[in-house]
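The lines below spell out each chain.
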Amino acid sequence: EIYTLSLHDALPISAVYHIDLTPDGLQVVCALKEIEVFKTVAEDLEMSVDSWREWLQLPNPEECELPGDWEKRLIPFTKLLLIRALRSDRVTAALTVFISASMGSRYMVQEPFSLAATFKDSTFQTPLFFVLFPGVDPGGEIEKLGAELGFTEANGKYKSISMGQGQEINAENGLAKFSKEGGWIFLQNVHLMESWLPKLERALEIAAEEGHDDFRCFLSAEPPPLPDQQSIPEGIMQASIKVSNEPPADLKANLRSAYALFSQETLDKSTKPLAHRPLLFALCFFHSLALGRRKFGFQGFSRQYPFNNGDLTVCASVLQNYLEGNPEVPWSDLRYNFGEIMYGGHITDPWDRRVTNTYLEVLLEPDILDEKSSHELAQGYKVMREGDFEHFKTYIEEALPAESPVLFGLHPNSQISLLQTQAANLWEAIITLSGGGGGGGGGGGGGKESKAGEVLAEIKSKLPENFQMLDIRAKLGEITPYTICGLQEVERMNDLITEIRRAMNELELGLAGALNISDSMDALINDLAANRVPNLWLKMCGQVGPTGVYNRKVLMAWFLDLLLRYAQLKTWTDLSLQLPPSIWISGLFNPMGYITACMQVTARAKGLPLDSMATHCEVTEFEPNQVAAQPSSGTYVHGFFMEGARWDKATGVIQESFPKELHPTFPVLHIIGVTQEEKVTTGRYMCPVYTTTIRGPTFIFVAPLKTDVAMHKWILAAVCLLMQPDS
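Residues numbered from 1 in each chain as written. Predicted model: local features only at pLDDT ≥ 70, side-chain atom pairs only at ≥ 80, totals over all residues. Heavy atoms only, no water.

*Asks:* I'd like to hear about the layout of surface pockets, residue by residue, with values.
*Replies:* Here the second largest pocket defines a volume of roughly 520 Å³. Taken together, 22 residues form the lining of the second largest pocket, with Gln379, Val406, Gly409, His712 and Leu716 sitting closest to its centre. Grouping the constituent residues of the lining of the second largest pocket by class yields 14 nonpolar, five polar and three charged. (1 Å grid on protein atoms, 1.4 Å probe; cavity = no way out; pocket = protein on both sides within 12 Å on 5 of 7 lines; lining within 4 Å. Points joined across faces, edges and corners; volume = space filled by probe spheres on them. Nonpolar A, V, L, I, M, F, W, Y, C, P; charged D, E, K, R; others polar.)

*Asks:* Describe the sheet that holds strand β13 (residues 641–643), naming the residues involved and giving the relevant values.
*Replies:* Reading across from one edge, β13-β19-β17-β18 is the order of the four strands in this open sheet, with mixed pairing throughout. Looking at which strands have only one partner, the edges of the open sheet turn out to be β13 and β18 (699–706). When strand polarity is set aside, the average angle formed by the axes of neighbouring strands in this sheet is 35°. Note: strand β17 (residues 684–690) against strand β19 (residues 720–722), two bridges, orientation parallel. Bridge pairing in β19 links Val689 to Leu721. Its contacts with the sheet put helix α18 (residues 350–363) on β17 and β18, and the angle it makes with β17 is roughly 140°. (Pairing = 2+ DSSP bridges. Helix = DSSP H or I, 4+ residues; strand = E, 2+ residues; numbered from the N terminus. Axes fitted to C-alpha atoms, helices over the stretch in contact; angles between N-to-C directions. Contact = heavy atoms within 4.5 Å.)

*Asks:* Can you explain the side chain of Gln724? Please cite residues and give values.
*Replies:* With respect to the secondary-structure elements, Gln724 resides in the segment after β19. The buried category is assigned to Gln724, whose relative accessible area is 5%. Among the polar contacts listed, one links the side chain of Gln724 to the side chain of Asn551, at a separation of 3.1 Å. Excluding its chain neighbours within four sequence positions, the residues that come into contact with Gln724 are Gln543, Asn551, Lys553, Asp561, Arg565, Phe641, Thr691, Thr692 and Thr693. (Buried < 20%, exposed > 50% of the residue type's maximum accessible area, 1.4 Å probe, protein only. Polar contact = N/O pair within 3.5 Å; in protein donor to acceptor, adjacent residues only side chain to side chain.)

*Asks:* Which residues make up the environment of Trp70, and what values go with them?
*Replies:* Along the chain, Trp70 turns up in helix α5 (residues 70–73). In sequence terms Trp70 and Val37 are 33 residues apart; their C-alpha atoms lie 9.6 Å from each other.

*Asks:* Outline the confidence of the model for the chain, listing residues and values.
*Replies:* Chain-level pLDDT for the chain is 88 on average; 93% of the residues reach the 70-or-more range. Below a pLDDT of 50 lies the segment residues 1–18, which in the model reaches 45 contacts outside its immediate sequence neighbourhood of four places, other chains included. (pLDDT = per-residue confidence, 0-100.)

*Asks:* Break down helix α24 (residues 519–529) for me, with residues and values.
*Replies:* Every α-helix winds through 3.6 residues per turn, so residues three or four apart in the chain are directed the same way. Restricting attention to buried positions, one finds in α24 the residues Met521, Leu524, Ile525, Asn526, Asp527, Leu528 and Ala529. Buried residues in α24 make contact with α21 (447–462), α23 (481–511), α25 (535–540) and α26 (555–574). Directly after α24, the chain includes Asn531, whose backbone phi takes a positive value near 60°.

*Asks:* Would you mind going over the pairing of strand β3 (residues 183–188) in detail, with residue names and values included?
*Replies:* For β3, the tally of buried residues reaches six of six residues, placing the bulk of the element in the interior. By the alternation rule, side chains of β3 split into Gly183, Ile185 and Leu187 and Trp184, Phe186 and Gln188, which are all buried. Sheet topology places strand β2 (residues 158–162) next to β3; five bridges connect them, and they run parallel. Among the inter-strand pairings, Ile161 is bridged to a residue of β3, identified as Leu187. For the crossover that starts at β2, traverses helix α10 (residues 168–181) and ends in the parallel β3, the hand is right-handed. Judged from the five bridges that link them, β3 and strand β4 (residues 215–221) form a sheet pairing that is parallel. Across the sheet, residue Leu187 finds its bridge partner in β4, namely Leu219. (Right-handed = clockwise from strand over helix to strand, strands pointing away.)

*Asks:* Can you tell me about unusual backbone geometry, naming the residues and giving the values?
*Replies:* Comment: phi is negative for the bulk of residues other than glycine, and the bulk of peptide bonds are trans. Of note in this structure, Asn531 is not a glycine but carries a positive phi near 60°. Within the secondary structure, Asn531 is located in the loop between α24 and α25. A positive phi angle, near 60°, is found at Ala718, a position not held by glycine. Mapping Ala718 onto the fold places it in the loop between α28 (711–716) and β19.

This is how it looks when you write it as structure tokens:
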């Protein structure tokens, strides 16, 4: 029933079971059936299970022949479609092979960046827009090229402005002057001035019409935190030459660059080489881990922090001074300075700070100086304690293991998550650039309006009726915190259904020609055609915040989720808002409100203030359908998925994930309100709980989970509980 909520026929369930298709992969395979060459793909998946399973389990299936005669039946492009359906994590690798073969490797192999070569393509009408990445500053290169071509601050033909409050007038005056007289202006960090950017856009338009031939405008801005966010006006982006000189993300390149900041002279300055050399190398390794971890998205860090070479060089100076000024190595002082002040100064999320501090705890500890110790910086990479500068450089090149998430403390599944996210971002970009898609798989379709009309009809036919609040309130007995939480959820559901119905009815009239298509209706058409959830609907669900959208589900998956939420509320209201045996907490708009209600009930029963309460969790052995009734104290909840690890029912502790199992389901959780003094932390991993895979702003509460290994294993693996995976 879940899978058939789609515009396509369902794939035989036996095929899904035997080859472990994801719901997303299932829907894409169903969509492929509408293309002539793929008409029999579903049946073949069911009939040739063993050969398909073998192909799917290959590490690089894009380079191998397809089962049966499919390799002969498909051309390279249609093979890409099949890989998208069955192994979305391999799409980017498959595209690399496809583009290299069809267009040439020069489109996939990036040459070293040269500002002088890029500058030749610019004119007074085309600004150069630099996308900023941590550790990359184009200012030095611009000044160097300006000096070569005669544009310097000394002769009044170059001006650099770091944008911030009060700098708008300086920027406008500089643009006006140089566009008339000729000269270069560099406006740094323009993303900080969103409200002023329309004026900048207009100033660049004027310069493009009547500017001096020697006028050049350079702009720089950080990319937005999420791919679907936009902070720079489209006009500026379209008029500019975009320069994205991203630093390498692999560990070896980062470690090589980090250690290159020092020299043999740096090593010779220390009077305690037996401590200084391995600790400096470990510090460089920590810096490389912090930089490289960001590529794993939200499993790496919940935000993109601007760690830079300056952080490392200052920490190296602190290390030198502390070693010279103390008879023994001040371990805790070093870790505090590095983790809380230097690197920690960039970090705004406490769970991210826990990760960097844990790296320092496992890297900078006394065993690193013990020759008899088997201390490793990462799995398979022991610390080097002696040698000169060149020896350490050679050790980086020759001894560092092959790139893997394991080197960062993450599970190998993190690489799959990374590749799937990259593929999803790629599809989003393609759909956006293509204007929402044409027929969208409709077999030649009638444009985005036709596609939107189909989706509109599907949603409208399944949209439930509003709850009758008067009837619900009339049946209520004792008003408890849980009752209030339930009423708030029902009212919010009613508001959302009302808005969806209003928007659907209005758009239906617009598509029929009875109303003019407004901007909001046109935006809704684009969203429906692109299978994207409208922003207003997400906002009403609490899935939009100051930093962007917190939902990665496509529209039809999100709508299915909404129907399941409605079904739970229907069951709850049928019980007069008395709790069902277990609450699907993932289906609540405000799950934290329910957790708070649990603590309120306990606080009232014990006559304690609410701010003295905390949450305690015990993992049960039950599945949701096995729970007969709510417990005498606390509450049973379900709907969690684990990321980075799994829960082992047999041992009752956290264990490593199974390969390719990205989000294993979690048993029913017993949440209990306790006092701060009653909290149990010994032998427990303090596991953060998030509503979606977009960590940070979606944090809800902490679940103390039993573990029989050191906490740092799960901290570095970014283990958490999620209420909603991406598909």
